[in-house]
Structures are given as C-alpha cells and as structure tokens.
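# Fold and geometry: a report
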Amino acid sequence: MSTQLVRELPAVRPYAGTRARAISLLGPLTVAAGVIWAIVQPYRLTLLHPHGQGFWWLAIEPPLLVVFAGIVFAVFVARPLVADLEADAAA
Amino acid sequence: MQPPSEMVHWLFGMGLLWLGLLKLAEAIVGREVWERRPWRAYLWPGLAFGLGILMWPVMTFFTNSAIHMVAHGAWAQALMAMGAAELGLAKGKLKSRWWRLATPIGIAVSGAAFLVHEQNGWFFARSAFLHHLVGWTLLGAALFPLALVFRPRSIVLKAAFAVSVIALSVMLFSDRDLAPVFGHLSPLAGPPHR
C-alpha cells in the first residue's frame, strides 16, 4: 500500500544484511586495533614524547598507520560498498 | 634522511593491510557487487602495482649487500608484473585465466626474496625471525591464489588469502631493527633499542 500519508517500508532495512554489517565493521575494527595497540604500547607513539626525536620517528607512528588504514578503508571503500549492497538487496 | 628499515616494513605493512582489507571485502560481498563500481576492480591490482613501484627505491637505498639489491629488484618486478596482469584482467584486455597465475608467482617470488635476503638464523634477532616467518608465510599464501585460478568463485579460498595478507601485515608491523625474539638476541646483532 502506498498513499500520500502511508508508504510501505522496504523489506530490507539499511545495514540489515549480514554482509553489509560485516563490511561496515571492518574499518572500525581496524581503527580499534590501532587504538588498542597505542594504549598497550604507548612508547610506539613518539608524538607523545617528541623531545630529541628525528624526523622519521615523528612522521611514522605504526599504531597511527593502522588507524589511518582503517579510516581510509571505512570512508572510501566500505561506505560505497555498503550502499551497493543495500541497492542490490532492495532491487 | 633515510628512514630506518623497520619503518619501511611498517609502511609496507600498511599497504598490505589495505590489500588484505580489500580482498576480505571482495570475498564477503562477492565479485558481482564488488565490480558494480568499475573503479573498485582496479583497487587491489593498482595497489599491488604501486607497492611494486615503491620497492624500487627500497632496492636503491637499502643496499646492505648485493643479495639485498637483487632480492628487492626481483621482488619489485614480480609485484609489478602481478599488479599489471591483474589490471589487464580487470580492464578486460587480458582474457585467459592463466594470467591469474601472475599473482601466485608474484607472491611466491616475494616469499623467496624475503628468505634469500635474510642471511641470519631464525633466532638471531626479531627482524631475522620475522623475515623467515614472512617468507614462509608468503610461500604458503601463494597457494590460495594458485587454487583460485582453478576455483575462482571459492569464498573460502578468497577469505583465506585475505586473512593471510592481513596476517602478513601484522608480521611487518612487528618488525624491529634490533630487538629480541622470544628472549633471544644474538650478541652479534648489537644493543637492542626499544
């Protein structure tokens, strides 16, 4: 049924699919891994104690590289992929 | 101005983490959905090709020995050939499924390069241990894309390949230039640093 006041909800809700949920979790899980690593080994983040550190030790922070990888994946890959999965399920 | 070699491993670890996440996502959604946006089909081959290009400066600047240079050079070529073959397949210019053999061969050459250019034993230091571990893991991981040549739709093989690539990135992130491994550090390696 579809009127001006009432319309049917799509059968598949956003993020309802298991695959969409798995995809949308990959980025945050990667970010969480980087954050947990930074908490467990804070000395890996030389930005927290920058005195006397050279350029490379300040530029390359391994836990932040993991966080960065997770954010880039979540924003540029996972988001459009979930949209495609939802479009696929709705079709 | 040259970064310590452990940082090069970390940067490549990030690249492998991306590769692993891309392969895992592709395994989860399936090829049809993955290729719904044409640019997505080029992500993994393009990244593999880019990692091959980035291996050239590693070959140029990290010349600890002749075997290092030869291993890194062969590795750069293998990664670029693998990426180029996958790009050709994604574009549709290459049709034969046998081009997919470039991936297992490229990964196996990468594993051999890791093993060949590590001249110390497993427990010499953490970097030596990880070079052996990464080398053998790469050789083992090459079996998944090899099997995928014959069973291209297998979700289990795709997921196993993706997980092995993510495991390799964890190994690269664990690398340190001078650190003990399981309490072992050869006195010949020098004093450890964090």
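Notes on the structure follow. Note that the structure is a prediction, hence the values are computed from the model and not measured.

Below, the discussion takes up the overall build of chain A. When helices and strands are tallied, chain A shows three helices and zero strands. Put simply, chain A runs from its N terminus to its C terminus through helices and strands in the order α-α-α. Within chain A, the proportion of its 91 residues that are buried is 23%. Considering only contacts in chain A between residues 6 or more positions apart, those separated by 24 or more positions represent 68%.

Per the secondary structure count, chain B includes nine helices and zero strands. The helix and strand sequence of chain B, counted from the amino end, reads α-α-α-α-α-α-α-α-α. Counting only C-alpha atoms, chain B reaches 55 × 30 × 25 Å along its principal axes. Within the span of chain B, comprising 194 residues, buried residues form 41% of the whole. Taking contacts inside chain B between residues at least 6 apart in sequence as the whole, the part at least 24 apart equals 70%.

On to the packing of helix α1 (residues 5-29) of chain B against helix α9 (residues 155-173) of chain B. All names here are of chain B. Where α1 meets α9, the closest approach of the two axes is 8 Å, and the angle between their N-to-C directions is 165°. Here α1 lies roughly antiparallel to α9, going by the angle between them. Judged by the twist between their axes, the crossing of α1 over α9 is left-handed. Of the residues in α9, those in contact with His9, Trp10, Phe12, Gly13, Leu16, Leu17, Leu19, Gly20, Lys23, Leu24, Glu26 and Ala27 of α1 are Ile155, Lys158, Ala159, Phe161, Ala162, Val165, Ile166, Leu168, Ser169, Leu172 and Phe173. In terms of residue class, the contact of α1 with α9 is made up of 16 nonpolar, four polar and three charged.

Compared with an ideal rise of 1.5 Å per residue, which puts 19 residues at 27 Å, α9 of chain B spans 27 Å between its outermost C-alpha atoms and is within 8% of the ideal. Burial in α9 of chain B covers these residues: Lys158, Phe161, Ala162, Ser164, Val165, Leu168, Ser169, Leu172 and Phe173 of chain B. Packed against the buried residues of α9 of chain B are α3 (62-90) of chain A together with α1, α7 (126-141) and α8 (143-150) of chain B.

Turning our attention to the nonpolar core. Judged by nonpolar contacts, the single largest core of 63 residues is most densely connected at Ile23 and Ala78 of chain A together with Ala25 of chain B. By residue number, the principal contributor to this core is α1 of chain B, which donates 15 residues. In this structure Ile23 of chain A touches Ala78, Leu81, Val82 and Leu85 of chain A together with Ala25, Ile28 and Val29 of chain B, once residues within four positions along its chain are discounted.

Right, let's talk about helix α6 (residues 102-116) of chain B for a bit. All names here are of chain B. For α6, which comprises 15 residues, the first-to-last C-alpha distance of 20 Å matches the rise-based estimate of 21 Å (1.5 Å per residue) to within 8%. Taken residue by residue, α6 has Ala102, Thr103, Pro104, Gly106, Ile107, Val109, Ser110, Gly111, Ala113 and Phe114 as its buried positions. Close packing links the buried residues of α6 with α5 (66-91), α7 and α8.

With that out of the way, let us pick up the interface of chain B and chain A. Put simply, an interface is often sized by how much accessible area is lost when its parts join up. Facing 19 residues of chain B, the contacting portion of chain A comprises 20 residues. Looking at the side of chain B that touches chain A element by element, the count peaks at twelve residues for α1 of chain B. Of the residues contributing to the side of chain B that touches chain A, the split by class is 16 nonpolar, no polar and three charged.

Attention now moves to the environment of Thr18 of chain A. Counting through the fold element by element, Thr18 of chain A comes out in helix α1 (residues 18-40). In this structure, the C-alpha to C-alpha distance between Thr18 of chain A and Trp57 of chain A, residues 39 residues apart in sequence, is 41 Å.

Calculation rules
- Residues numbered from 1 in each chain as written.
- Chains lettered and ligands numbered in written order.
- Predicted model: local features only at pLDDT ≥ 70, side-chain atom pairs only at ≥ 80, totals over all residues.
- Helix = DSSP H or I, 4+ residues; strand = E, 2+ residues; numbered from the N terminus.
- Buried ≥ 20, exposed ≤ 12 C-beta atoms within 10 Å, placed from the backbone.
- Contact = placed C-beta atoms within 7 Å.
- Axes fitted to C-alpha atoms, helices over the stretch in contact; angles between N-to-C directions.
- Parallel < 35°, antiparallel > 145°, perpendicular 65-115°, else oblique.
- Left-handed = near helix turned anticlockwise from the far one by under 90°.
- Nonpolar A, V, L, I, M, F, W, Y, C, P; charged D, E, K, R; others polar.
- Expected span 1.5 Å × (residues − 1).
- Core = buried A, V, L, I, M, F, W, Y, C linked by C-beta atoms within 7 Å.

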